[in-house]
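If you want the building blocks of each chain, they are given just below.
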Amino acid sequence: MRGRGWGGASFGQAQFHRLSALMTLVLLIIGFGLANQAFFSVNNGLTVLLQTSVIGLLGIGMTMVIITGGIDLSVGSVLALSGVITAMSVKAGLPVAPAMLVGVTAGALCGAFNGFVITRLRIPPFVATLGMMLIARGLALQLTGARPISQLGEAFGVLGNGALFRIVEMQPNGFPKVIFPGIPYPAILMFAMAIAAAYLLNRRQVGRHIYATGSNEEAARLSGVRTNHTKLFAYTMSGALAGIAGNVLMSRLVTAQPSEGVMYELDAIAAAVIGGASLSGGVGTISGTMIGAFIIGILRNGLNMAGVSAFIQQIVIGFVVIGAVWIDHVRSRRGG
């Protein structure tokens, strides 16, 4: 098994990738800030946090899967299915918190199914998760008749739209004035999940097994690592985090949209790869993925403020991903 950085990976590679990604992030912030002064406003900063939270949550689970040497193309569809199941549970009379737990459980079950198909039926991860992508999306559309579920109540929107330490002052005219918008709950949740995942990968036995499986599966098996159980765990966590991301996104919209989450799996993969995760397995950090998620979020935000079309944004992010993979490939050939 390779040594560990924050969340694992060989120390040298982890340090190099994190520093490279962090430098890129800083340069983007400086560049967009100089181009538009509004970029540094509090409201825009909170917008970036909200936009990044879903990518970050998906990226955490994706990182675990990629470290094992796999891939999960189903997270965008599982996100939609989990959000739909949460909304249907609320409509059935379940309180919001238990309903969201049901949605997260549905996501975890989808991930567990991926893990079962990959480890027991020996289906390659790309094909297995591609199948789940179609199954989950089809279920979400079938359950809703391809229509959004609305009128879910104010409590449903608290997770996605609430904030910690928000200060609101009532004005003499009777209208509220926001003094401090607070720290968005989705951002708090993302960072909490990132810390928990980093601790699990860095300090717990299952984390060491995840890295060992991705570094050399046969050697790990001969060393006593239950590689199939390890992969099953990683895919289940990916599904559960997709379920959490689905709750966050649908809560922000206060509507369950079965068509949400399309192409989100690519953002999650991009965040992990930009942050230094190797598609060959065995290398990756949660801190790197968080930096990668913010690079994507800030790129989109800054290009939006510059009036660049969404299509051009996709092209730019595509080139960034290709560049990150190329750098990893070159370092791997040179022995990192």
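All of these numbers come straight from a predicted model, not from anything done at the bench.

What counts, and where the lines are drawn
- Residues numbered from 1 in each chain as written.
- Predicted model: local features only at pLDDT ≥ 70, side-chain atom pairs only at ≥ 80, totals over all residues.
- Heavy atoms only, no water.
- Helix = DSSP H or I, 4+ residues; strand = E, 2+ residues; numbered from the N terminus.
- Buried < 20%, exposed > 50% of the residue type's maximum accessible area, 1.4 Å probe, protein only.
- Contact = heavy atoms within 4.5 Å.
- Areas by Shrake-Rupley, 256 points an atom, 1.4 Å probe, with all protein chains shown as cover.
- Lys, Arg positive; Asp, Glu negative; His and termini not counted.
- Charge placed at Lys NZ, Arg CZ, Asp CG, Glu CD.
- Core = buried A, V, L, I, M, F, W, Y, C linked by side-chain atoms within 4.5 Å.
- Salt bridge = Lys/Arg side-chain N within 4 Å of Asp/Glu carboxyl O.
- Pairing = 2+ DSSP bridges.
- Expected span 1.5 Å × (residues − 1).
- Polar contact = N/O pair within 3.5 Å; in protein donor to acceptor, adjacent residues only side chain to side chain.
- Axes fitted to C-alpha atoms, helices over the stretch in contact; angles between N-to-C directions.
- Parallel < 35°, antiparallel > 145°, perpendicular 65-115°, else oblique.
- Left-handed = near helix turned anticlockwise from the far one by under 90°.
- Nonpolar A, V, L, I, M, F, W, Y, C, P; charged D, E, K, R; others polar.
- pLDDT = per-residue confidence, 0-100.

Asks: Hey, could you run me through the overall build of the protein chain in this one?
Replies: Within the protein chain one finds 13 helices and 4 strands. Along the longest, intermediate and shortest principal axes, the C-alpha atoms of the protein chain span 70 × 50 × 35 Å. Looking at the protein chain residue by residue over its 336 residues, the buried ones come to 51%. By sequence separation, contacts in the protein chain at least 24 residues apart represent 75% of the contacts at least 6 residues apart. Summed over all atoms, the accessible surface of the protein chain reaches about 15400 Å², with 67% contributed by carbon and sulfur. One finds the centroid of the 21 positive side-chain charges in the protein chain at a distance of 8 Å from the centroid of its 9 negative side-chain charges.

Asks: Even after reading the chapter, I still don't get the nonpolar core, so can you show me in this structure?
Replies: It is characteristic of soluble globular proteins that their nonpolar side chains tend to be buried jointly. Ranked by size, the top nonpolar core spans 85 residues in total, and within it Leu58, Leu201 and Ile295 carry the most contacts. The dominant element in this core, judged by the number of residues it contributes, is helix H2 (residues 42-67), at 13 residues. Setting aside chain neighbours within four positions, we find Ile295 in contact with Ala21, Thr24, Leu25, Leu28 and Ile274.

Asks: I tried to follow the pattern of salt bridges on my own but got confused; where do I start?
Replies: For side chains bearing opposite charge, pairing can occur when the charged atoms are close. Overall, the coordinates contain 4 salt bridges when judged by the stated rule. Note that Arg300 is salt-bridged to Asp267, the shortest N-O span being 3.0 Å. Note that Arg300 is positioned in helix H12 (residues 286-305) and Asp267 in helix H11 (residues 264-274), a separation of 33 residues in sequence. A cluster of three or more residues bridged by salt bridges with shared partners is formed by Glu217, Glu218, Arg221 and Lys231.

Asks: Any chance you could explain the pairing of strand E3 (residues 176-180) here in plain terms?
Replies: The side chains of a regular strand alternate, residue by residue, between the two faces of the sheet. As defined by bridge partners, strand E2 (residues 167-170) adjoins E3 across 4 bridges and the pair is classed as antiparallel. Looking across to E3, one finds that Val168 is bridged to Val178. Turn length for the E2-E3 hairpin, with the two strands adjacent in sequence and antiparallel, is 5 residues, and the turn residue Gly174 shows positive phi of about 90 degrees.

Asks: Honestly, H12 in this entry has me stumped. Any pointers?
Replies: A rise of 1.5 Å per residue sets the reference length of H12, with its 20 residues, at 28 Å; its end C-alpha atoms lie 28 Å apart and thus fit the reference within 8%. Most of H12 sits inside the fold, with 18 of its 20 residues counted as buried. For H12, the N-terminal cap is Thr285; the gap from its side-chain oxygen to the backbone nitrogen of Gly288 is 3.0 Å. At the C-terminal side of H12, Gly307 shows a positive phi close to 80 degrees.

Asks: How should I be thinking about the environment of Thr47 in this particular structure?
Replies: Position of Thr47 relative to the elements: it lies in helix H2. C-alpha separation for the pair Thr47 and Ile298, spaced 251 residues apart in sequence, amounts to 9.8 Å.

Asks: Before we go on, may I ask you to explain unusual backbone geometry in this structure?
Replies: The bulk of non-glycine residues show a negative phi, and the bulk of peptide bonds are trans. The backbone phi angle of Ala146 is positive, close to 65 degrees, even though this residue is not glycine. Along the polypeptide, Ala146 turns up in the loop between helix H5 (125-144) and helix H6 (158-161). Its relative accessible area of 52% is what places Ala146 among the exposed residues. Of note, the phi angle at Met263 is positive, near 75 degrees, even though the residue is not glycine. Structurally, Met263 can be placed in the loop between helix H10 (227-253) and H11. Met263 sits in the partly exposed class, given a relative accessible area of 43%.

Asks: How should I be thinking about the environment of Ala136 in this particular structure?
Replies: With respect to the helices, strands and loops of the structure, Ala136 is situated in helix H5. Judged by its relative accessible area of 0%, Ala136 falls in the buried class. Distance in space between the C-alpha atoms of Ala136 and Cys110 is 7.9 Å, their sequence separation being 26 residues.

Asks: Sorry, what's going on with the packing of helix H3 (residues 75-91) against H5 here?
Replies: The angle between the axes and the distance between the axes are what describe a pair of packed helices. Running from N to C, H3 and H5 cross one another at 30 degrees; their axes reach a closest spacing of 8 Å. Classified by the angle their axes make, H3 and H5 are roughly parallel. Considering the relative orientation of H3 and H5, their crossing is left-handed. Where H3 approaches H5, its residues Gly76, Ser77, Val78, Ala80, Leu81, Val84 and Met88 are matched on the opposing element by Met132, Met133, Ala136, Arg137, Leu139, Ala140, Leu143 and Thr144. For the contact of H3 with H5, a count of residues per class yields 11 nonpolar, 3 polar and 1 charged.

Asks: Would you explain the confidence of the model for the protein chain in this entry?
Replies: Reading fine detail from the predicted coordinates is not recommended where pLDDT is low. Of the residues in the protein chain, 93% reach a pLDDT of 70 or more, and the chain-wide mean stands at 90. Confidence over residues 1-9 falls short of pLDDT 50; this stretch has 44 contacts with residues more than four positions distant or in other chains.

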